[in-house]
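Structural features, examined
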Amino acid sequence: GVFATTQVMAASISPDQYQQAVDEAYAKFKNVKEGANADYIPILASVPSDMFGVVIITRDGEVYSAGEQKYEFSIQSVSKPFTASLIMAEQGPKTLREKIGVEPTGLPFNSKIALEIYEDRSVNPLVNAGAIAAVSLVEADSEKERWKKVLGNIEAYAGRELTVLEEVYDSEYETAWSNRGIANLLYNYGRLYSDPEEALRVYTRQCSIGINTHDLAMMGATLANEGVNPVTGKKVLDKEDVPELLAIMATAGFYDESGEWMYSAGLPAKTGVGGGIVAVVPGKFAIATFAPPLNPAGNSVKGLKAISYISGKLGVGLY
Ligand code: DON
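As annotated in an unreviewed UniProt entry, the chain carries the name Glutaminase and is attributed to Halioglobus maricola. UniProt annotates the chain under Subunit (unreviewed entry) with the comment "Homotetramer." Taken directly from UniProt, the Sequence similarities (unreviewed entry) text for the chain runs: "Belongs to the glutaminase family."

Okay, here's the thing in C-alpha cells:
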C-alpha cells in the first residue's frame, strides 16, 4: 500500500529533482526570522543565527546541497539515536526497551516530571534522561573506554574523525544542574548503570561533538542504507535493528512536538538545540539541516520547515 507507493516514487527521483528540492527549500526559508538560539547553554547564544544549510545524501552516497556545509556546530540531541543504536548493536533492542524504554513522553526534552509519572523513569533514549541512561549502559570498564565507544560509533556513522567543541563542553558542563539532577534521580531509581557524574560527563561530551551539515546527512544516510555507511562501507547497525531505531525517532524525535512533526513531514527524525535536524527516508536517503534559531520545543525553525517542504515536494512522507 502506502509503503510500496513511497518506494516507487522515491526510486524514480532524478538528480535534478533532488537538487531542485534542496535549492527551493533553502531559498524559501533562508529569510525566516522566527525562533531564537538556545541560551540555557550560554555559548550557543553566540553561534551566528543566520547560518542555514540543507543537505540530502542518498543511500548510494550521492550528495545534494545548498547553503552552509562546513561550519561545525555541536551535535547535541541529534547524537541520541546514534548512541541508542550503539546499545542495540552491543546488547540488542530488547535491552534498550527494558533498561531504558521506548515510550514517547509528550513532555519537554529535559522533563523531570516524566521521571515521576512513568514507571520506566528514563522513558526513551531521545529525551535527556534516557540519553544519559544510554551512555551509562555502554559496556565499559572506565570512563575513557565509555567515551571512546560513544565517539567511535558516531564517527562510524559520519564516516570521518570528529572532535569535541571544548568550549561547548565547558559551557554546558559548568551549567548542567538540570541534567545532573536527572542523572541522580535515575540512579536513585536504579535506572542508571554507571556512576551518575561519569554518565553526565560522557553524555555532555557526546552532545559537544562538532559536526557539519554534510556529516549529519551522512549519519542519516547510514540509517537509510540499512545501517551501512554509504561511503566507507562500514556496517554500524544490523539491518534488522534499523526499523526499531527509526520507530523511536518517529515517535519521540521532536519531543512534545513529535505528533505535529509526523503530521507535517511524516518522517523519522531527530533534532538538537545546536540547530541540527536529520530526517530519514527509510531505504532511500536522508535530509539534514542546520539553522540555530529554535522554537519553544527546542527544534530548529528553518530546519523543520525545510524538511517538511522537501518531504512534500518529493512525495516521500511515509504515511
Ligand atoms: O542535555 C541537553 O540539554 C543538551 N545537551 C541537548 C538537548 C537537546 O539538544 C534538545 N534538543 N532539541
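A few points about the overall build of the chain
When you go through the chain residue by residue, the secondary structure sums to 14 helices and 7 strands. Computed over the C-alpha atoms, the radius of gyration of the chain is 18 Å, within 12% of the 20 Å expected from 2.2 N^0.38 for a compact globule of 319 residues. Each principal axis of the C-alpha distribution contributes one length, and for the chain these read about 55 × 40 × 35 Å. Looking at the 319 residues of the chain, the share that counts as buried comes to 56%. Considering only contacts within the chain whose residues lie at least 6 apart along the sequence, 69% involve residues at least 24 apart.

Some details on the sheet that holds strand β1 (residues 53-58)
Read across the sheet, 5 strands follow the order β2-β1-β7-β6-β5 without closing on themselves; strand pairing throughout is antiparallel. In this open sheet, the two edge strands, each paired with only one partner strand, are β2 (63-67) and β5 (269-271). Across the sheet, the axes of successive neighbouring strands diverge by a mean angle of 10°, strand direction being ignored. In the packing of helix α14 (residues 301-314) onto the sheet, contacts are made with β1, β5, β6 (276-281) and β7 (285-290), and the angle to β7 comes to roughly 150°.

Examining the site of the ligand
Lining the immediate surroundings of the ligand are 13 residues, of which Q76, S77, C207, V273 and G298 lie closest. When its residues are assigned to classes, the shell around the ligand shows 3 nonpolar, 9 polar and 1 charged. Formed jointly, the shell around the ligand draws a minimum of three residues from each of two domains, domain 1 (2-71 + 212-229 + 251-314) and domain 2 (77-207).

A look at the UniProt feature "binding site: substrate" (unreviewed entry) in the chain
Within this numbering scheme, the UniProt entry marks S77, N128, E172, N179, Y203, Y255 and V273 as carrying the feature "binding site: substrate" (unreviewed entry). When you line up the elements, S77 lands in the loop between β3 (73-74) and α3 (80-91). When the 25 C-beta atoms within 10 Å are taken as the criterion, S77 is described as buried. Filtering out sequence-adjacent residues up to four positions away, S77 remains in contact with F109, K270, T271, G272 and V273. Looking at where E172 falls in the secondary structure, it is placed in helix α8 (residues 166-174). Ignoring anything within four residues of it in the chain, the contact list for E172 reads I41, T204, C207 and S208.

A closer look at the pairing of β2
Of all 5 residues that make up β2, 4 are buried, and the element is covered over most of its length. Strand direction decides the pairing type here: β1 and β2, joined by 5 bridges, are antiparallel. Bridge assignment links I56 to a residue of β2, and that residue is Y64. The loop that links β1 with its antiparallel partner β2 comprises 4 residues; one of these, G61, has a positive phi angle of about 85°.

A word on the pairing of β1
Taken across its 6 residues, β1 has 6 buried, putting it largely inside the fold. Where burial is concerned, the two faces of β1 agree: the one with G53, V55 and I57 and the one with V54, I56 and T58 are both buried.

Remarks on the nonpolar core
Ranked by size, the top nonpolar core spans 94 residues in total, and within it V22, I132, A269, A279 and A286 carry the most contacts. A domain-level breakdown of this core finds at least three residues from each of domain 1 (2-71 + 212-229 + 251-314) and domain 2 (77-207). Among all residues touching I132, those that are not within four sequence positions of it are N179, I182, A183, L186, A199, L200 and Y203. In this structure, A38, L165, V273 and L294 belong to the second largest nonpolar core, which totals 9 residues.

Rules and cut-offs
Residues numbered from 1 in each chain as written. Predicted model: local features only at pLDDT ≥ 70, side-chain atom pairs only at ≥ 80, totals over all residues. UniProt positions renumbered as here; feature names shortened; annotations may be inferred. Helix = DSSP H or I, 4+ residues; strand = E, 2+ residues; numbered from the N terminus. Rg over C-alpha atoms; globule rule 2.2 N^0.38 Å. Buried ≥ 20, exposed ≤ 12 C-beta atoms within 10 Å, placed from the backbone. Contact = placed C-beta atoms within 7 Å. Pairing = 2+ DSSP bridges. Axes fitted to C-alpha atoms, helices over the stretch in contact; angles between N-to-C directions. Near = placed C-beta within 6 Å. Nonpolar A, V, L, I, M, F, W, Y, C, P; charged D, E, K, R; others polar. Domains from an automatic or database assignment. Core = buried A, V, L, I, M, F, W, Y, C linked by C-beta atoms within 7 Å.

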